[in-house]
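These are the residues of each chain, in order.
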Amino acid sequence: MVAVFKECLQEIDPGFTCFEKLQTLQVNLGDQCNMRCAHCHIDASPAGRKVMGRPVIDKIAEALERMPGTILDITGGCPEMNPDFRRLVESTASHFPRRIVRSNLTILTESGFEWLPEFFREQRLVVTASLPCYLEENVDRQRGKGTHARSLAALRRLNDLGYGGGLELNLVYNPGGDFVPGSQQELEEAYRKELLEKYGIRFNHLFTITNAPIGRFREYLESRGIYERYLNLLATRFNPEAARNIMCRTLISVDWKGFLYNCDFNQAIGLPITGGDGEILKIEDLESAARSGKELVLSEHCYCCTAGEGSSCTGALVA
Ligand code: SF4
Ligand code: SF4
C-alpha cells in the first residue's frame, strides 16, 4: 500500500495541492482512433463513440476568447478524426500564440487524411507526435505491426514541410512496460542520432512520459499481477522537485461533453473538477475551475507524474 499522494505533496508544501494559474487548456476530442495501442490510457480504438460535437467545440472557442494567451493543446484519441477538428483549429487561429496537436502520426498516412500535414503548416500548429522508440520492433510491439514504417513516412512528410526546423515538431517517448523513463536528455540525444543517421529525420524536442497506471495499461498490469508493484515503484521514485511542477497546477482538461478535469488522466478515470455544491464544472465554468488556490483532485495514479524526472504532457519536469 503506497502513501496517500496528496499527503506527500502537503508535507513538502500545501500549495502544491492547489491550482496556480491557467496556462494550458487541453481539449480531448474523443476516444476514436485508427490505432489500438497496448498502453492507451483512454481505451481509444476505431470503435470509439465519444466524439466531441460542434456545440462543445464552439463553447471552447468562446471560453478561450475570454482568456487570450492560453495555450491550446488538442488531443484524443486521434483528434484529427473528429469531424470538427478543422473547425476547432480554424476558430481559434486568431487568439492563441501556441496551439498544439497531439498526433499519432499514422493518421497522416491514412486514406482521406492526406490534407493534414499542409493544414498543420498553414495553421502554424505545433505537432507533438507519439514515437515510443526509434527501434522498429519496440514501436510495432507497442502500437501494432507496420506502425514504425508509417510513423517515419509521416515524419518525413512533416520534415519536408519545415517541421523539425522552423516549425516545431516534438516526439513523445513512453516506456514499453512497467518502468520509469530514464534521462530525457540522454534519450533525446539517442533519438536524434538514430533518426538522423538512419532515416534523415529531424525533430525539435523529445518528451518522456511515464505510463499512467490506468485504462488499458492498468488492465495489462493487473492481468500479470504487477499493478501494486508498479505503483510501489512510482511511489519509491517520488521526486519532490517534480512535485513542485505537476502540470495540473497550470492545465485544465476538457472532455468530449465539455466537463472539466485537472488532467487527461483524471478525465480517463472519471475524476472531474467540482464546484462548491458538488456539481461537475463545465467549459462555461472555466474561470471558476481555474481559480488560483482551488484544490486539485489527486489520487494514487498521480505518482506517475512525480517519479524520477517527473512526467507531464510536455515531458520531464526536472530534466
Ligand atoms: S495511445 Fe494514442 S494512438 Fe494509441 S490507441 Fe491511444 S489514442 Fe490512439
Ligand atoms: S495525474 Fe493529473 S492530477 Fe495527478 S498529479 Fe498528474 S497531472 Fe496532476
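Our subject in this report is the structure included herewith. Remember, it's a predicted structure, so these values are computed and weren't measured experimentally. (Residues numbered from 1 in each chain as written. Chains lettered and ligands numbered in written order. Predicted model: local features only at pLDDT ≥ 70, side-chain atom pairs only at ≥ 80, totals over all residues. Heavy atoms only, no water.)

### Some details on the sheet that holds strand β2 (residues 71–75)
Pairing between sheet strands relies on hydrogen bonds along the backbone, with the strands arranged either parallel or antiparallel. To keep things clear, this is the line we draw: By definition, two strands form a pair when at least two bridges between them are found by DSSP. Helix and strand assignments come from DSSP, with helices taken as H or I runs of at least 4 residues and strands as E runs of at least 2, each series counted from the N terminus. Residue contacts are counted whenever heavy atoms from the two residues lie within 4.5 Å of one another. To get an axis, a line is fitted to the C-alpha atoms, and for a helix only the part in contact is used. The angle between two axes follows their N-to-C directions and goes from 0 to 180 degrees.
If you trace the 8 strands from one edge of the open sheet to the other, you get β6-β5-β4-β3-β2-β1-β7-β8, paired in mixed fashion. Edge strands, defined here as strands with exactly one partner in the open sheet, are β6 (205–208) and β8 (260–261). Relative to β6, strand β5 (residues 169–173) is paired through 4 bridges, and the arrangement is parallel. Looking across to β6, one finds that Y173 is bridged to T208. Each of β5 and β6 is contacted by helix α7 (residues 184–199), which is oriented at about 130 degrees to β6, the strand it contacts most.

### Focus on the site of ligand 1
Cut-off, in case you're wondering: A single heavy atom is enough: if one lies within 4 Å of a molecule or strand, its residue is considered near that molecule or strand. Note on definitions: the grid is 1 Å and covers protein atoms alone; a cavity is a set of points where a 1.4 Å probe fits but cannot get out; a pocket is an open set with protein on both sides within 12 Å along at least five of seven lines; lining residues have an atom within 4 Å of a point. A cavity or pocket is said to hold a molecule if more than half of that molecule's atoms lie within 2 Å of its grid points. The residue classification treats Ala, Val, Leu, Ile, Met, Phe, Trp, Tyr, Cys and Pro as nonpolar and Asp, Glu, Lys and Arg as charged. All others, Gly included, are polar.
The environment of ligand 1 is formed by C33, M35, R36, C37, H39, C40, A44, G77, N104 and R143. Cavity membership is defined here by more than half of the atoms lying within 2 Å of grid points; on that basis ligand 1 lies in the largest cavity. For the shell around ligand 1, the residue count by class is 5 nonpolar, 3 polar and 2 charged.

### Structural notes on helix α8 (residues 215–223)
Put simply, the rule reads: Relative accessibility under 20% of the residue-type maximum defines a buried residue, over 50% an exposed one, and the middle range a partly exposed one, all with a 1.4 Å probe and only protein chains included. For this quantity, the arc is that covered by the directions from the helix axis to the C-beta atoms.
Of all the positions in α8, only R216, F217 and L221 are classed as buried. Burial along α8 is one-sided: seen end-on, the buried residues are contained in an arc of 145 degrees. Packed against the buried residues of α8 are α9 (227–236). G225 sits one or two residues past α8 and shows a positive phi near 70 degrees.

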